[in-house]
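A structural walkthrough
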Amino acid sequence: MNNQTKKAVFCFINGNPPNIQHEKFINSLINVASNKKAYPFVFLSSEQDITSQPLNFTDKVNYFKKVFPYIYIYENKINNYLDIVSYLYYKNFQELYVCTWIGNNEDLYSFQNFINSNGLEQIKLEKFEIIPVINTNPDKDPVNDTLFNSVIDNNYVEFKKVAMGNTEGDCSYLFRLLKKSVGIQESSKFKLQLKKLF
């Protein structure tokens, strides 16, 4: 890539809690990056709400890096797409592809028009393209309710069906992390039950 235009494929999601739809979304992003011969990036929102988005930003970033060790998970807090484009531009990326979901196009197309019309004099990209890769917003998918309720109900079997994770170890770690985030203490009985699953 050294002698070619630097390309980046990225997404901007909340990812809290990390569910199976986030995993599918990011795998789709990786496929786009491979086809475009581009670098894959994931930018995470810093939003947190113990009732629906329980992980703090650092724990969330670290878990995404654990599940996706070979792509770039940005470690600093980002407020919006302008922050992302500015960051990538000043890292010398000239072609940007943003992965999203069907139905999230209106705001992004407005932003695309803003970029293409040179609304930012200091940012002159060769290309900025929006690519819908899934049908629904993974941050608002119904699996979030299943995921959250399974943590509250201490139901690891249901949890791992909808959690983001490559291995049992990933899912077990996320389960414990979410329980801690919402203030649930694990009993000795539960720890014994969890061990029997492996």
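Heads up: these notes are all about the structure in this document. Residue positions are given per chain, counting from 1 as you read along its sequence in written order. Totals for whole chains, interfaces and linings use all residues, but because this is a predicted model, local features are given only for residues with pLDDT of at least 70 and pairs of side-chain atoms are given and counted only at 80 or more. With hydrogens and water stripped out, all remaining heavy atoms of the structure feed into the side-chain values.

1. Details of the sheet that holds strand β5 (residues 127-134)
Two strands qualify as a pair provided that DSSP identifies no fewer than 2 bridges between them. Helix and strand definitions here come from DSSP, where helices need a minimum of 4 consecutive H or I residues and strands a minimum of 2 consecutive E residues; each element is numbered from the N-terminal end. The 5 strands lie next to each other as β3-β2-β1-β4-β5, forming an open sheet whose pairing is parallel. Looking at strand neighbours, the two that pair on one side only are β3 (72-73) and β5, the edges of this open sheet. Strand direction decides the pairing type here: strand β1 (residues 7-13) and strand β2 (residues 39-44), joined by 6 bridges, are parallel. If you follow Ile-13 over to β2, its bridge partner there is Leu-44. Here, residues are in contact when the closest pair of their heavy atoms is within 4.5 Å. For helices, the axis comes from a line fit to the C-alpha atoms of the stretch in contact; other axes are also lines fit to C-alpha atoms, and the angle between any two N-to-C directions lies between 0 and 180 degrees. On top of the sheet, helix α2 (residues 57-67) reaches β1, β2 and β3; it is set at about 155° to β2, its chief contact. On top of the sheet, helix α3 (residues 81-90) reaches β1, β2, β3, β4 (95-101) and β5; it is set at about 155° to β1, its chief contact.

2. A word on the nonpolar core
Note on terminology: a nonpolar core comprises buried Ala, Val, Leu, Ile, Met, Phe, Trp, Tyr and Cys residues joined through side-chain atoms within 4.5 Å. Buried means the residue's accessible area, taken with a 1.4 Å probe over protein chains only, is under 20% of the maximum for its type, while exposed means over 50%, and partly exposed covers the values in between. Ranked by size, the top nonpolar core spans 40 residues in total, and within it Val-9, Ile-13, Leu-44 and Phe-159 carry the most contacts. Counting 21 residues, the second-largest nonpolar core is a separate cluster that includes Phe-12, Ile-78, Leu-96 and Val-98.

3. Brief notes about the side chain of Asn-19
Of note, Asn-19 is situated in the loop between β1 and α1 (20-36). Residue classification places Asn-19 among the buried positions, given a relative accessible area of 0%. Excluding residues that lie within four positions of it along the chain, Asn-19 makes contacts with Pro-138, Val-143, Asn-144, Leu-147, Val-162, Ala-163 and Met-164.

4. What about the packing of aromatic side chains?
Pairs of aromatic rings are described using the distance from one ring centre to the other and the angle between the two planes. The pairing test for Phe, Tyr and Trp rings, Trp by its six-membered ring, is centres within 6.5 Å, and the orientation test on the planes gives stacked under 30 degrees, edge-to-face over 60, and tilted for anything in between. Counting across every chain of the model gives 17 aromatic pairs. Their ring planes at 50° and their centres at 6.4 Å tell us that Phe-10 and Tyr-81 sit as a pair that is tilted. Here Phe-10 is found in strand β1, whereas its partner Tyr-81 is found in helix α3, with 71 residues between them in sequence. Taken individually, Phe-10 and Tyr-81 each receive the classification buried, so the pair is uniform in this respect. Look at Phe-41 and Phe-93: their rings are 5.4 Å apart centre to centre, the planes differ by 85°, and that puts the pair in the edge-to-face class. Residue Phe-41 is found in strand β2, and its partner Phe-93 is found in the loop between α3 and β4; the two are separated by 52 residues along the sequence. An aromatic cluster of three or more residues is present, and its members are Phe-10, Phe-12, Tyr-39, Phe-41, Phe-43, Tyr-72, Tyr-74, Tyr-81, Tyr-87 and Phe-93. Sitting above the plane of the Phe-93 ring, Lys-6 keeps its charged end 4.3 Å from the centroid. Geometrically, a lysine NZ or arginine CZ counts as sitting over a ring once it is within 6 Å of the ring centre and also within 35 degrees of the ring normal. Taking NZ or CZ as reference, Lys-66 lies 5.4 Å from the ring centre of Tyr-173, over its face.

5. Side note on empty space enclosed by the protein
A 1.4 Å probe that fits into a set of points on a 1 Å grid over the protein atoms alone but cannot get out defines a cavity; an open set with protein on both sides within 12 Å along at least five of seven lines defines a pocket, and lining residues are those with an atom within 4 Å of a point. Grid points are joined across faces, edges and corners, and a volume is the space filled by probe spheres set on the points. The final tally for this structure, using the stated rule, is 1 cavity of 30 Å³ or more. What the largest cavity holds in volume is close to 30 Å³. For the lining of the largest cavity, the element with the highest residue contribution is helix α5 (residues 143-152), accounting for 3 residues. Think of it as three bins: nonpolar holds Ala, Val, Leu, Ile, Met, Phe, Trp, Tyr, Cys and Pro, charged holds Asp, Glu, Lys and Arg, and polar takes everything else, Gly as well. Residues that form the lining of the largest cavity fall into these classes: 7 nonpolar, no polar and no charged.

6. A short note on the side chain of Lys-60
Tracing the backbone through its elements, the reader meets Lys-60 in helix α2. Of the buried charged residues, Lys-60 lacks a salt bridge, with Asp-139 as the closest side chain of opposite charge at 7.4 Å. Reaching out from Lys-60, the side chain makes a polar contact with the backbone oxygen of Asn-14 at a distance of 2.7 Å. Not counting the four nearest positions on each side in its chain, Lys-60 is found in contact with Asn-14, Gly-15, Asn-16, Leu-44, Ser-45, Glu-47 and Leu-55. In this tally Asp and Glu are treated as negative and Lys and Arg as positive; neither His nor the chain ends contributes. Note on definitions: salt bridges are taken to be side-chain nitrogens of Lys or Arg within 4 Å of carboxyl oxygens of Asp or Glu. Throughout this description, a polar contact denotes any pair of N or O atoms lying within 3.5 Å of each other; where both atoms belong to protein, one of them has to be capable of donating a hydrogen while the other can accept it, and for residues adjacent in sequence the pair is counted only when both atoms sit in side chains.

7. Notes on the packing of α2 against helix α7 (residues 168-181)
It is the contact of α2 with α7, at a shortest axis distance of 11 Å, that shows an interaxial angle of 175°. Between α2 and α7, the angle is such that the two are roughly antiparallel. Counted together, Asp-59, Tyr-63, Lys-66 and Val-67 of α2 and Asp-170, Cys-171, Tyr-173, Leu-174 and Leu-177 of α7 form the full contact between these two elements. In these notes the angle categories are as follows: under 35 degrees is roughly parallel, over 145 is roughly antiparallel, 65 to 115 is roughly perpendicular, and the rest is oblique.

8. Quick word on the environment of Thr-5
In this structure, Thr-5 sits in the segment before β1. You can call Thr-5 partly exposed: its relative accessible area is 27%. Here the alpha-carbon distance between Thr-5 and Glu-126, two residues 121 residues apart in the chain, equals 8.8 Å. Among the polar contacts listed, one links the side chain of Thr-5 to the side chain of Glu-126, at a separation of 3.3 Å.

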